[in-house]
Amino acid sequence: MSFRRVIFFVVAGLFFSTAGAAEEFGDPVAGKTVYNKCKSCHQVGQGARHRIGPHLNGIFGRKAASHEDFWYSKALQRAGRGGLEWHIDTLNAFMENPRALASGTRMSFKGLKKAEDRSNLLAYLRTFSDDPANIPEADPAATPTDHDIDPAILALEGDPEYGEYLSSECTTCHQADGGDDGIPSIVLWPEEDFVLAMHAYKNKKRAHPVMQMMAGRLNAEEIAALASYFAALEQ
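Because the structure is predicted, anything quoted here is derived from the model rather than measured.

A. Region of interest: the state of the cysteines. With the rule as written, the count across this model stands at zero disulfides. Between C38, a cysteine without a disulfide, and C41, which holds the nearest cysteine sulfur, the sulfur-to-sulfur distance is 8.6 Å. Relative accessible area serves as the criterion here: at 14%, C38 is assigned to the buried category. Looking at the unpaired C170, the closest cysteine sulfur is the one in C173, lying at 9.1 Å. Note on C170: relative accessible area 17%, which makes it buried.

B. Molecular detail of the packing of helix α8 (residues 191–202) against helix α10 (residues 220–231). One can describe the packing of α8 onto α10 by two numbers: an axis separation of 9 Å at closest approach and a directional angle of 140°. The angle between α8 and α10 falls in the class oblique. Where α8 crosses over α10, the handedness of that crossing is right-handed. Between α8 and α10, the contacting residues are E191, F194, V195, M198, H199 and K202 on the first element and A220, I223, A224, L226, A227, S228, F230 and A231 on the second. When the residues that make up the contact of α8 with α10 are grouped by side-chain class, the tally is ten nonpolar, two polar and two charged.

C. A look at unusual backbone geometry. A positive phi is found at A65, a non-glycine position, where the angle reads about 60°. Its location among the elements puts A65 in the loop between α1 (28–34) and α2 (74–81).

D. How the structure looks around α8. With twelve residues, α8 should cover 16 Å at 1.5 Å per step; its first-to-last C-alpha distance of 16 Å lies within 8% of that length. The element α8 is extensively covered by neighbouring structure, given that nine of its twelve residues are classed as buried. Residues D193, F194, V195, L196, A197, M198, H199, A200 and Y201 constitute the buried set of α8. Residues of α8 that are buried sit in contact with α6 (152–155), α9 (209–216) and α10. One or two positions beyond α8, positive phi appears at K204, with a value near 60°.

Here is what the cut-offs are and how they apply
Residues numbered from 1 in each chain as written. Predicted model: local features only at pLDDT ≥ 70, side-chain atom pairs only at ≥ 80, totals over all residues. Heavy atoms only, no water. Disulfide = S-S within 2.5 Å. Buried < 20%, exposed > 50% of the residue type's maximum accessible area, 1.4 Å probe, protein only. Axes fitted to C-alpha atoms, helices over the stretch in contact; angles between N-to-C directions. Helix = DSSP H or I, 4+ residues; strand = E, 2+ residues; numbered from the N terminus. Parallel < 35°, antiparallel > 145°, perpendicular 65-115°, else oblique. Left-handed = near helix turned anticlockwise from the far one by under 90°. Contact = heavy atoms within 4.5 Å. Nonpolar A, V, L, I, M, F, W, Y, C, P; charged D, E, K, R; others polar. Expected span 1.5 Å × (residues − 1).

Following this line, the structure appears as structure tokens:
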């Protein structure tokens, strides 16, 4: 399965949402109301322009960070170079928790936690595709099936002292003072986001060969310990 079609494991909260069949569609009329939360930064429709965020016309099937006339964060540029495209699964993941999918994104929106809101919004955005009727039904408007990562992983209580002991390999690249000079900061990350991201790398559901290798060396307890350490690290 190619990178662009993978349902990411890095989305916080999907463990607790109601499982939905892939053929369940959102309501574009309701989605227009949900879009009110987005319109201060993103435009859609005829004459849409980039604002704080890029316009969202024709987003389905578009490669991430592909508008040449918009200044994207380094995180999304890296994701685009890695093959990320916007489809029902990746958009759903990004809408629920933008920083879990692209940790260095400048997007300040915390995400839509309700699966119904995301499904409706995606159905609304679908109407601004070049030919909505010919977009595969399972691509832009269906609700994805929840992933099956073990919720017990998130329940592990990490040992921050052990995390500090393990952290030297992380801080070879990531700055312990929280700086972001081409490499995203992992300091003060919510523990759940950290754990989700690391297991996504470990399971090769998030693209980055070095991070896949590093995460693959760690067990669940070690990842929880690192998450606990970096979440509370004083800058």
